[in-house]
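Take a look at the letters that make up each chain.
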Amino acid sequence: MDIVIVVADAVRASVGPLGAAYALTAIGLNLHYGYTGLLNFGHVAFLMVGAYGTAVTVDQGGPFWLGILVGVIAAILLGLLFGLPTLRLRVDYLAIVTIAGGEVLRTVIRSGDKDSLTGGVFGITQFATTFFGANPFPEGEYGWGRLAFTERQLWVAVVAWSLVALATILLVLLVRSPWGRVLRSIREDEDAARSLGKNVFAYKLQSLVTGGVIAAFAGMIIAIERQSVHPDTYLPAGTFLAYAVLILGGTASRLGPVLGAVVYWFLFEFTDGFLRGAISAGWIPGASSRRPTSARSE
Amino acid sequence: MADGLRLGLVLAVASVGLSLIFGVTGLTNFAHGELVTFGALVAYFLSASGVVPEIPLVAAGILAVVAGAGFGWAHETILFRPLRRRKSGNVSLIVVTIGLGLFLRNAYLILFGGRPRPFDEFTIQTAVDLGPVSLRPKDLVVMAVGACALLGVGLMLQRTRLGRGMRAVADSRDLAAASGIDVDRVILAVWVGGAALAALGGVLQGVSETVETDMGFGLLLLMFASVILGGLGTAYGAMVGGVLIGLASQVSTYWLSPKYRIGVALAVLIGAILVRPQGILGRRERVG
């Protein structure tokens, strides 16, 4: 086993498009859970509607920019669907409806036929050709040795990390604004905020929708990076990975989600590569080195 | 329609515990589905796995319910009572139950494997005609057992001291404690009883369909829908809600593809929260 290769692969994953997508996911969740105190257990559903909004639109012959727009609108609608009935009630209701809603949506998308809008279990592939067609980087390898990206990966990574930077700046500005102060007061004591005449329901709904749209972009990045969407990418466990990333980096901190995502992906890929190496080197008796199919997709 | 009634009764049996646990402790137990799976798995293990000497399914089912009760007892004494003593917040308790649910589901997967398996007995039966409907005899048994269990729970809640205690604690914990009810004992009884009912629900569901490691999680969403529709924290509400959700999701298959069944349940859930958040039998409470 070459430890240098393992470390290099881990670094590549953590600064690559997936690391950025997880950072974006956690930024959205940070707005929900970190700043507003919303217990959103169906966060992965926002990624799903973002990815599917884009994929379905392009698949049906729409232009790519329209696909992005549809993804964003779908996330807004999902936020309203989750939020409108539940945000007036105890926190439990939002938790129940989001976890159930995400899973039901996935089941419905999954149950379509191959020819249906969503492609059912087959998903949709090859919808981001326009995106890669706009790649400004000439063909080739960028980086050093094992730590190199192809021009396609680099293009996705640059766009993704730009989005992360944008979202981070946006969130810092939002949280420092009077709007953000109200959000934090809701997190600390909802009744106190209400007694000062703030429309707590509206603020919570705005927070849910904004964070959801940020997560929808994360879903688009994951989908574009792979050129495919598949319902089983969006298992409920994905939401809890986002929580892990957020809590690892620091809840309600500005750079927490970004740091959390990078560290998480480094640790994940490092453990993965290390164990694989250890197994093929025969250090772990009785284990087979067959790659588990679901490890990456969650 | 008859099949909907069957599913509804199973849901009602399984979700009474969920609702009562919420009622007496304020805890939303996201691991309740795993209690359901537990019952089905124990019954399968005892009656059809071949690892231990096989016993008839009926005996295995009874043992599974007893084991489920023990599992609920362990939940309360090992995990939730210490956490309550430490005055953990509502949100951290929810996170604990979700983590517990994930852990149990994967533990089941390791022990049991991912393949759905039916019980050995009563696998293939021909339907009998009963006037307008035709049903498999085993579904009739499932419905009868479910109805009897619900009747028993209702009688227990109405007539016995313990049952009155449960309703009192669910109504107002402080008032119940002030009038001399041992709240901790009632909570323990609710965990034991609720988990036993959940295990029974799992056995019944396993008899009508198959035993799977994630059957409980699939049912959990329907159970939440039933409990909220009926009124969070009320035992009778969970029963009514369960039957209604079962009927609604089955009847909808007349117009919609059966694949969207679970979507119908969610639509009912969201509609119920919008129109009547306290549920059919719940009491109106001011939240904001």
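These figures come from a predicted structure and were not determined experimentally.

Visitor: What's the story with the overall build of chain A in this structure? I'm lost.
Guide: Within chain A one finds 12 helices and 4 strands. For chain A, whose C-alpha radius of gyration is 20 Å, the value lies close to the compact-globule estimate of 19 Å for 298 residues. Evaluated residue by residue, chain A yields a buried proportion of 48% over its 298 residues. Summarising the internal contacts of chain A: among those between residues at least 6 apart in sequence, 72% fall at separations of at least 24.

Visitor: Sorry, what's going on with the overall build of chain B here?
Guide: When helices and strands are tallied, chain B shows 11 helices and 2 strands. Element order for chain B, N to C, with α for helix and β for strand: α-α-α-α-β-β-α-α-α-α-α-α-α. Classification of the 288 residues of chain B by burial places 50% in the buried group. Long-range contacts, defined here as pairs at least 24 residues apart, represent 76% of the contacts in chain B between residues at least 6 apart.

Visitor: Sorry, what's going on with the interface of chain A and chain B here?
Guide: Reports of interface size often rely on the accessible area that becomes lost once the parts have come together. The partner chain B presents 18 residues to the 21 residues of chain A that form the contact. Per-class residue counts for the side of chain A that touches chain B are 12 nonpolar, 4 polar and 5 charged.

Visitor: Would you mind showing me how to read the nonpolar core here?
Guide: Within soluble globular proteins, side chains that are nonpolar generally end up buried alongside one another. L24(A), I221(A), V13(B), A199(B), A225(B) and L269(B) are the most contacted members of the largest nonpolar core, which has 186 residues in total. Considering every element that reaches this core, the biggest residue donor is helix α8 (residues 183–208) of chain B, with 15 residues. Dropping the residues within four chain positions of it, L24(A) is found in contact with L163(A), V164(A), A167(A), I214(A), A215(A), F217(A), A218(A) and I221(A).

Visitor: I'm lost on the packing of helix α1 (residues 2–25) of chain B against helix α9 (residues 215–230) of chain B in this one. Help?
Guide: Residue and element names in this part refer to chain B. α9 packs onto α1 with a crossing angle of 70 degrees between their chain directions and a minimal axis gap of 9 Å. With respect to each other, α1 and α9 are oriented roughly perpendicular. Contacts between α1 and α9 pair L11, A12, A14, S15, L18 and S19 from the former with L219, L222, M223, S226 and V227 from the latter. Across the contact of α1 with α9, the residue classes tally to 8 nonpolar, 3 polar and no charged.

Visitor: Can you walk me through the confidence of the model for chain A in this structure?
Guide: Low-confidence regions, as indicated by low pLDDT, have predicted coordinates that should not be scrutinised in detail. Residue and element names in this part refer to chain A. On average, chain A scores 83 in pLDDT, and the residues at 70 or more come to 94%. Here strand β2 (residues 141–144) stands out as the element of chain A with the lowest mean pLDDT, 74, in contrast to helix α10 (residues 200–226), whose mean of 91 is the highest. Segment residues 293–298: pLDDT under 50, and 7 contacts once partners within four positions in sequence are set aside and those in other chains are kept.

Visitor: Teacher, can you tell me more about helix α5 (residues 91–110) of chain A here?
Guide: In an α-helix, one turn spans 3.6 residues; hence positions three or four apart end up facing the same way. Helix length check: α5(A) (20 residues) gives 29 Å between terminal C-alpha atoms against 28 Å at 1.5 Å per residue, within 8%. For α5(A), a buried count of 16 out of 20 residues is recorded, marking the element as mostly surrounded by other parts of the structure.

Visitor: Would you take a moment to explain the environment of R105(B) for this structure?
Guide: Residue and element names in this part refer to chain B. Relative to the assigned elements, R105 resides in helix α4 (residues 90–112). Considered as a pair, R105 and E34 are 71 residues apart in the sequence and their alpha carbons are 6.6 Å apart. Non-local contacts of R105, meaning those with residues more than four positions away in its chain, are made with E34, T213, D214 and F217.

Visitor: What is the right way to look at unusual backbone geometry in this model?
Guide: Apart from glycine, the bulk of residues carry a negative phi angle, and the bulk of peptide bonds sit in the trans form. Residue and element names in this part refer to chain A. For Q227, which is not glycine, the phi torsion reads 55 degrees and is therefore positive. Positionally, Q227 belongs in the loop between α10 and β4 (228–229). Of note, A252 is a non-glycine position whose phi angle comes to about 60 degrees, a positive value. One can find A252 in the loop between α11 (237–249) and α12 (256–280).

Definitions and limits used
- Position numbers for residues start from 1 in each chain and track the written sequence from start to end.
- The lettering of chains begins at A and the numbering of ligands begins at 1, in the order of writing.
- Thresholds applied to this predicted model are a pLDDT of at least 70 for local features of residues and 80 or more for the giving and counting of side-chain atom pairs; totals over whole chains, interfaces and linings are not thresholded and use all residues.
- Secondary structure follows DSSP: runs of H or I at least 4 residues long count as helices, runs of E at least 2 residues long count as strands, and numbering of each begins at the N terminus.
- For the radius of gyration, the atoms used are the C-alpha atoms, and the globule rule reads 2.2 Å times the number of residues raised to 0.38.
- Three exposure classes are used, based on other C-beta atoms lying within 10 Å of a residue's own C-beta, which is placed from the backbone: buried for 20 or more, exposed for 12 or fewer, and partly exposed in between.
- In this description, a residue-residue contact is defined by the distance between C-beta atoms placed from the backbone, which must lie within 7 Å.
- Each residue gets one label: Ala, Val, Leu, Ile, Met, Phe, Trp, Tyr, Cys and Pro are nonpolar, Asp, Glu, Lys and Arg are charged, and the others, such as Gly, are polar.
- Under the definition applied here, buried Ala, Val, Leu, Ile, Met, Phe, Trp, Tyr and Cys residues are grouped into a nonpolar core through C-beta atoms within 7 Å.
- For helices, the fitted line uses only the C-alpha atoms of the stretch in contact; every axis is such a line through C-alpha atoms, and the angle between N-to-C directions lies from 0 to 180 degrees.
- Roughly parallel covers angles under 35 degrees, roughly antiparallel covers those over 145, roughly perpendicular covers 65 to 115, and oblique covers all other angles.
- What pLDDT expresses is the predictor's confidence in each residue, scored from 0 to 100.
- Expected helix span is computed as 1.5 Å times (number of residues minus one).

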